Amino acid sequence: MRCWTAHEGFVSALKCLRGAMLLTGSQDNTVKLWRNEQALQTFSGHESVVKCVDFLYASGTLISSGDDAQLKVWDATTGTCTMSLPVHRKPVFSAKYLDEAGLVATSGDDHCIKLWDLRRGSLSPVATMMQFANTVYSVDCHADQHLLVSGNSNGEVIMYDYRWPSEPLTTPLLGSMHPPSLSCIFAVKTDGKRVFCAGQSGSVLHLLSIHNSGSAARTVPLSHHLVVRGLALAPAMVATASWDGSVCAVNFAPTVSANSQACAVC
């Protein structure tokens with residue numbers, strides 16, 4: 001295990017990249033690109049906490065956003081900010097590249113998801129998906145299926161086909177099916193078949209089937225004591241990170257029979 005001091009403030013955003021590289025965002029208003037413990041580049045320009053980062057391999061660019069509600073696009077090699085867009089009226093909690101062409105989804109405290117085509121450089125979003133009085137804390141996508149998933153402050157997972165974002169997909173997900181312990185979803189991820197979500201109750205990870213609308217949500221016990229704000233997927237594992245400073249790794253069997261244990265916490 002390797003540990004190092006990465007920023008002058010707490011680290012509020014993390015993205016794992018290829019080749020033992022990492023992206024971090026911080027309370028010190030900066031983004032850094034790392035290879036192991038070596039900082040390769042520092043990106044300065046935000047006016048407040050950076051809460052989300054993502055990377056696009058096709059163009060060698062990264063995006064970041066946070067409490068200043070600005071979406072910034074950076075050249076990973078030079079550290080130059082190539083674009084800055086005012087994307088929301090309130091803090092941004094999530095920013096995600098949806099495809100290699102530069103389509104980006106952002107979500108925030110103003111109760112909506114917005115899609116941006118960075119090729120146009122326009123100050124107007126391609127689409128806006130309102131979620132009424134609910135803060136949208138997290139978005140994720142599966143590009144092959146054009147699937148955009150979101151988790152909000154009402155404990156709902158809402159899915160969209162981002163080619164036609166005006167209407168949510170009709171597959172019932174959490175909604176009234178989720179237990180009272182998940183009153184707010186802070187983190188969602190999808191592998192195209194399932195949605196993994198966690199939130200205010202750090203003791204439970206929820207799994208939902210995208211293509212089997214009749215199946216109930218499955219739950220996996222976690223050992224966190226506080227809110228889960230981080231979720232990461234690997235081919236046979238899900239990792240969760242909590243405000244209590246702990247990380248849980250959940251291993252999933254590649255094939256599961258009807259009566260077998262689907263997963264185990266390690």
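Residues numbered from 1 in each chain as written. Predicted model: local features only at pLDDT ≥ 70, side-chain atom pairs only at ≥ 80, totals over all residues. Heavy atoms only, no water.

A. Local environment of the sheet that holds strand β14 (residues 147–152). The strand order β13-β14-β15 describes an open sheet built from three strands, whose pairing is antiparallel. A strand with exactly one partner marks an edge of an open sheet, and here the two such strands are β13 (136–142) and β15 (157–161). For this sheet the average axis-to-axis angle between neighbouring strands, irrespective of direction, equals 20°. By the bridge criterion, six bridges tie β13 to β14 in an arrangement that is antiparallel. Paired with D140 across the strands is V149, a residue of β14. (Pairing = 2+ DSSP bridges. Helix = DSSP H or I, 4+ residues; strand = E, 2+ residues; numbered from the N terminus. Axes fitted to C-alpha atoms, helices over the stretch in contact; angles between N-to-C directions.)

B. Region of interest: the side chain of D54. In this structure, D54 sits in strand β5 (residues 50–56). A polar side-chain atom of D54 sits 3.2 Å from a polar atom in the side chain of K15. There is a polar contact of 2.8 Å between the side chain of D54 and the backbone nitrogen of Y97. Setting aside its immediate chain neighbours within four residues, D54 contacts K15, L23, T61, L62, I63, A95, K96 and Y97. (Polar contact = N/O pair within 3.5 Å; in protein donor to acceptor, adjacent residues only side chain to side chain. Contact = heavy atoms within 4.5 Å.)

C. Region of the structure containing the sheet that holds strand β19 (residues 218–221). The strand order across the open sheet formed by four strands is β16-β17-β18-β19, and the pairing between neighbours is antiparallel. Looking at strand neighbours, the two that pair on one side only are β16 (185–190) and β19, the edges of this open sheet. Taken over all neighbouring pairs, the strand axes of this sheet differ in orientation by 25° on average, direction set aside. Sheet analysis places β16 next to strand β17 (residues 194–199), joined by five bridges and oriented antiparallel. Across the sheet, V188 pairs through a bridge with C197, a residue of β17.

D. Expanded view of the pattern of salt bridges. In this structure the tally under the stated criterion is six salt bridges. Between R163 and D161 there is a salt bridge; the shortest N-O distance is 2.8 Å. R163 sits in the partly exposed class, given a relative accessible area of 44%. Residue classification places D161 among the buried residues on the basis of a relative accessible area of 12%. (Salt bridge = Lys/Arg side-chain N within 4 Å of Asp/Glu carboxyl O. Buried < 20%, exposed > 50% of the residue type's maximum accessible area, 1.4 Å probe, protein only.)

E. Summary view of the pairing of strand β9 (residues 92–97). With respect to burial, β9 is a largely interior element, six of its six residues being buried. As judged from the five bridges shared by β9 and strand β10 (residues 103–108), these two strands associate in the antiparallel manner. Paired with S94 across the strands is S107, a residue of β10. Hairpin connection of β9 to β10: five residues between the antiparallel strands, including G102 at a positive phi of 105°.

F. Main features of the pairing of β13. Within β13, seven of the seven residues are buried, leaving the element largely enclosed by the surrounding structure. The antiparallel pairing of β13 with β14 creates a hairpin that spans four residues between the two strands, and H146 there sits at a positive phi of about 55°.

G. Expanded view of the packing of aromatic side chains. Inspection of every chain in the model, using the stated rule, returns five aromatic pairs. Arranged with centres 5.1 Å apart and planes meeting at 70°, the rings of F55 and Y57 form a pair that is edge-to-face. Taking 4.5 Å as the distance between ring centres and 65° as the angle between the ring planes, the aromatic pair formed by Y137 and F186 counts as edge-to-face. A residue pair is termed long-range when its members are at least 10 positions apart, and Y137 in strand β13 and F186 in strand β16 qualify at 49 residues. When sorted by exposure, Y137 lands in the same class as F186, which is buried. One aromatic cluster in this structure is built from F93, Y137 and F186. Across from the ring centre of Y57, 3.7 Å away, lies the NZ or CZ of R18, which sits over that ring. (Phe/Tyr/Trp six-rings, centres within 6.5 Å; stacked < 30°, edge-to-face > 60°. Lys NZ or Arg CZ within 6 Å of the ring centre and 35° of its normal.)

H. Quick peek at the environment of W164. Following the sequence through the fold, W164 ends up in the loop between β15 and β16. According to the relative accessible area criterion, W164 is exposed, its value standing at 56%. Note: C-alpha distance between W164 and A127 (37 residues apart in sequence) is 9.0 Å.

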